[in-house]
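Residues per chain are reported as follows:
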Amino acid sequence: MKEQIQSRTKKMALEVIQLSEYLPNKSVGWTFSNQIIRSATSVAANYRAVCRAKSDKDFISKMETVIEEADETLFWLEMIEDSGVLNEDFGLQNLKIETNELISIFVASVKTVKHRLNQKPSIPNLK
């Protein structure tokens, strides 16, 4: 499963890079391009770090960073759409759908691990 999500996050980042090529060559396009490429590639890179988490708490911490970056990517996709700087879709709608799906997966994963942590019996403090 983690290899599949790694592949999806990398593909999403690459598609964002391709989308950015269609943004206008002026200030607004440069801003959108720089911001969305940074956040989308961060999702992919940080998810790889999640896969190497050393503990449940480390997993949660790293995954929360991934969620923040994925949500930021979604924000920039919405800004691109709402600003009207693109005269065609160029895969924007599919990227929004994929980013939303990934966010849902990441949030569910964090909830599952948090639930598991709360179910572990506490070890009494031995003195």
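See the structure printed just above.
To start, this report covers the structure provided alongside it. (Residues numbered from 1 in each chain as written. Predicted model: local features only at pLDDT ≥ 70, side-chain atom pairs only at ≥ 80, totals over all residues. Heavy atoms only, no water.)

**What about the nonpolar core?**
Operational definition: Nonpolar core, defined: a set of buried Ala, Val, Leu, Ile, Met, Phe, Trp, Tyr and Cys residues in which side-chain atoms within 4.5 Å join the residues together. Using a 1.4 Å probe on the protein chains alone, a residue whose accessible area is under 20% of its type maximum counts as buried, one over 50% counts as exposed, and one in between counts as partly exposed. Under the scheme used here, helices are H or I runs from DSSP no shorter than 4 residues and strands are E runs no shorter than 2 residues, and both carry numbers assigned from the N terminus. For this analysis, residues touch if any pair of their heavy atoms sits within 4.5 Å.
Core analysis: the biggest nonpolar cluster contains 31 residues, and Met12, Leu19, Tyr47, Met63, Val66, Ile80 and Phe106 have the highest contact counts within it. Looking at this core, the elements that each hand over two or more residues are α1 (2–20), α2 (27–50), α3 (56–83) and α4 (92–119). For this core, the leading source of residues is α3, giving 10 residues. Non-local contacts of Val66, meaning those with residues more than four positions away in its chain, are made with Val43, Asn46, Tyr47, Val50 and Phe106.

**Digging into a negative patch on the surface**
As a reminder of what qualifies: Patches draw on residues past 30% relative accessible area with no salt bridge. Two like charges within 9 Å are joined, as are two nonpolar side chains (Val, Leu, Ile, Met, Phe, Trp, Tyr) within 5 Å. Note on areas: Shrake-Rupley with a 1.4 Å probe; residue coverage comes only from the protein chains shown. Salt bridge, as applied in this entry: a Lys or Arg side-chain nitrogen positioned within 4 Å of an Asp or Glu carboxyl oxygen. Only four residue types enter the charge count, namely Lys and Arg as positive and Asp and Glu as negative; His and the chain termini do not. Every charge is mapped to an atom, namely NZ of Lys, CZ of Arg, CG of Asp or CD of Glu.
There is a patch of like negative charges on the surface, built from Glu68, Asp71, Glu78 and Asp82. Looking at the secondary structure, you find Asp82 in helix α3.

**Points about the pattern of salt bridges**
Within the structure shown, the criterion is met by 9 salt bridges. Here Glu98 makes a salt bridge to Arg8, at a shortest N to O gap of 2.8 Å. You can see Glu98 sitting in helix α4 and its partner Arg8 sitting in helix α1, a full 90 residues away along the chain. Residue Glu98 is classed as buried on the basis of its relative accessible area, which comes to 16%. Between Glu81 and Lys96 there is a salt bridge, with the nearest N and O atoms lying 2.5 Å from each other. Placement of the pair is Glu81 in helix α3 and Lys96 in helix α4, with a sequence separation of 15 residues. In the salt-bridge network here, residues are joined through shared partners; they are Arg8, Glu98 and Glu101.

**A look at α4**
The line we're drawing: A helix is expected to reach a length of 1.5 Å times the quantity of its residues less one.
Here α4 spans 41 Å end to end across 28 residues, near enough to the 40 Å set by a 1.5 Å rise per residue. Turning to α4, its buried residues are Leu92, Leu95, Lys96, Glu98, Thr99, Leu102, Ile103, Phe106, Val110 and Val113. The elements touched by buried residues of α4 are α1, α2 and α3.

**Examining the packing of α1 against α2**
Rule in force here: Helix axes are fitted to C-alpha atoms over the stretch in contact, other axes to C-alpha atoms as well, and angles between N-to-C directions run from 0 to 180 degrees. If an angle is under 35 degrees, it is roughly parallel; if it is over 145, roughly antiparallel; if it lies from 65 to 115, roughly perpendicular; otherwise it is oblique. Each crossing is labelled by how the near helix is turned from the far one, with a counterclockwise turn of less than a right angle marking it left-handed and a clockwise turn marking it right-handed. Gly falls in the polar group here, along with every residue not listed as nonpolar (Ala, Val, Leu, Ile, Met, Phe, Trp, Tyr, Cys, Pro) or charged (Asp, Glu, Lys, Arg).
At a closest axis distance of 9 Å, the pairing of α1 and α2 adopts a crossing angle of 170°. Taken together, the axes of α1 and α2 are roughly antiparallel relative to one another. Where α1 crosses over α2, the handedness of that crossing is left-handed. Across the interface between the two elements, Lys2, Ile5, Gln6, Thr9, Lys10, Met12, Ala13, Val16, Ile17 and Ser20 of α1 pack against Ser33, Ile36, Ile37, Ala40, Thr41, Val43, Ala44, Tyr47 and Arg48 of α2. The class makeup of the residues in the contact of α1 with α2 is 11 nonpolar, 5 polar and 3 charged.

**Examining the packing of aromatic side chains**
Filter applied, for reference: Two rings belonging to Phe, Tyr or Trp (six-membered ring only in the last case) form a pair when the distance between their centres is within 6.5 Å. Interplanar angles under 30 degrees mark stacking, angles over 60 mark edge-to-face geometry, and anything in between is tilted.
Counted by the stated rule, this structure contains 4 aromatic pairs. Ring centres of Tyr22 and Phe90 lie 3.9 Å apart, and the angle between their planes is 15°; on these two criteria the pair is classed as stacked. Highlighted residues: Tyr22 in the loop between α1 and α2 and Phe90 in the loop between α3 and α4, separated in sequence by 68 residues. Its relative accessible area of 27% is what places Phe90 among the partly exposed residues. Seen from their ring centres, Tyr47 and Phe106 are 5.7 Å apart, and the 25° between their planes marks the pair as stacked. Of this pair, Tyr47 sits in helix α2 while Phe106 sits in helix α4, and the two are 59 residues apart along the sequence. Judged by relative accessible area, Tyr47 falls into the buried class, the value being 8%. By relative accessible area, Phe106 is classed as buried at 0%.

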